[in-house]
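Take a look at the letters that make up each chain.
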Amino acid sequence: VQLQASGGGLVQAGGSLRLSCAASGRTFSSYGMGWFRQAPGKEREFVASINWSGSSTYYADSVKGRFTVSRDNAKNAVYLQMNSLKPEDTAVYYCASRIGRLFAIFVTATEVDLWGQGTQVTVSS
């Protein structure tokens, strides 16, 4: 069972990127999924999460209005559309899932049961 994130890269401030996370090894359609990020020298922080059906989403205040989390259960995937990127968005972004509890969403790292490897996002000024 694993999560594989992709789509990171280098972008100028004001630009956009779309991160993808492919889940494998089991069906994730009944579990919350989402994203965290970690900048150098800082703790891992919550970015966004989405419930099993896609009907509920949560965002960190710092990304509200700029980022959009979505999922495609048929593809066992979750996405993060990032617009109006700022240099302070620079971080390693991690895909996450709460596979330990059916239909539950998460907003803290302690609620996450499965982490993917990170993908680097760098925003230049």
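## Considering the sheet that holds strand E1 (residues 2-6)
Stage number 1. Across the sheet, which stays open at both edges, the four strands sit in the order E1-E3-E8-E7 with antiparallel pairing between neighbours. Looking at the sheet topology across the chains shown, the edges are occupied by E1 and strand E7 (67-72). Taking the axes of each pair of neighbouring strands and ignoring which way they run, one obtains an average angle of 15° across the sheet.
Stage number 2. Looking at chain direction, E1 and strand E3 (residues 17-24) are connected through five bridges and run antiparallel. Its bridge partner lying in E3, alanine 5 is registered against cysteine 21.

## Quick notes on the packing of aromatic side chains
Stage number 1. Taken as a whole and assessed by the stated rule, the structure comprises four aromatic pairs.
Stage number 2. Measuring from centroid to centroid gives 5.6 Å for phenylalanine 36 and phenylalanine 46, while their planes differ by 75°, and the two rings are edge-to-face. Placement of the pair is phenylalanine 36 in strand E4 (residues 32-38) and phenylalanine 46 in strand E5 (residues 45-50), with a sequence separation of ten residues. Across the pair, phenylalanine 46 and phenylalanine 36 agree in class, each one buried.
Stage number 3. What links up through ring pairs into an aromatic cluster is the set Phe36, Phe46, Phe106 and Trp115.
Stage number 4. The aromatic ring of tyrosine 79 is capped on one face by arginine 18, whose charged end is 4.1 Å from the ring centroid.
Stage number 5. When the ring centre of tyrosine 94 is taken as reference, the NZ or CZ atom of arginine 44 above it lies at 3.7 Å.

## A short note on the state of the cysteines
Stage number 1. The full count for this structure, using the stated rule, is one disulfide.
Stage number 2. Each sulfur in the disulfide pair cysteine 21 and cysteine 95 lies 2.0 Å from the other. As the torsion about the S-S bond is roughly -85°, the cysteine 21-cysteine 95 disulfide counts as left-handed. Highlighted residues: cysteine 21 in strand E3 and cysteine 95 in strand E9 (residues 91-98), separated in sequence by 74 residues.
Stage number 3. Residue class for cysteine 21 comes out buried when judged on its relative accessible area of 1%.
Stage number 4. For cysteine 95, a relative accessible area of 0% corresponds to the buried category.

## Looking at a nonpolar patch on the surface
Stage number 1. On the surface, a cluster of nonpolar side chains totalling about 310 Å² of accessible area is made up of Trp52, Leu102 and Phe103.
Stage number 2. In this structure, leucine 102 sits in the loop between E9 and strand E10 (114-124).

Rules of the game
Residues numbered from 1 in each chain as written. Predicted model: local features only at pLDDT ≥ 70, side-chain atom pairs only at ≥ 80, totals over all residues. Heavy atoms only, no water. Pairing = 2+ DSSP bridges. Helix = DSSP H or I, 4+ residues; strand = E, 2+ residues; numbered from the N terminus. Axes fitted to C-alpha atoms, helices over the stretch in contact; angles between N-to-C directions. Phe/Tyr/Trp six-rings, centres within 6.5 Å; stacked < 30°, edge-to-face > 60°. Buried < 20%, exposed > 50% of the residue type's maximum accessible area, 1.4 Å probe, protein only. Lys NZ or Arg CZ within 6 Å of the ring centre and 35° of its normal. Disulfide = S-S within 2.5 Å. Patch = residues over 30% accessible without salt bridge, like charges linked within 9 Å, V, L, I, M, F, W, Y side chains within 5 Å. Areas by Shrake-Rupley, 256 points an atom, 1.4 Å probe, with all protein chains shown as cover. Salt bridge = Lys/Arg side-chain N within 4 Å of Asp/Glu carboxyl O.

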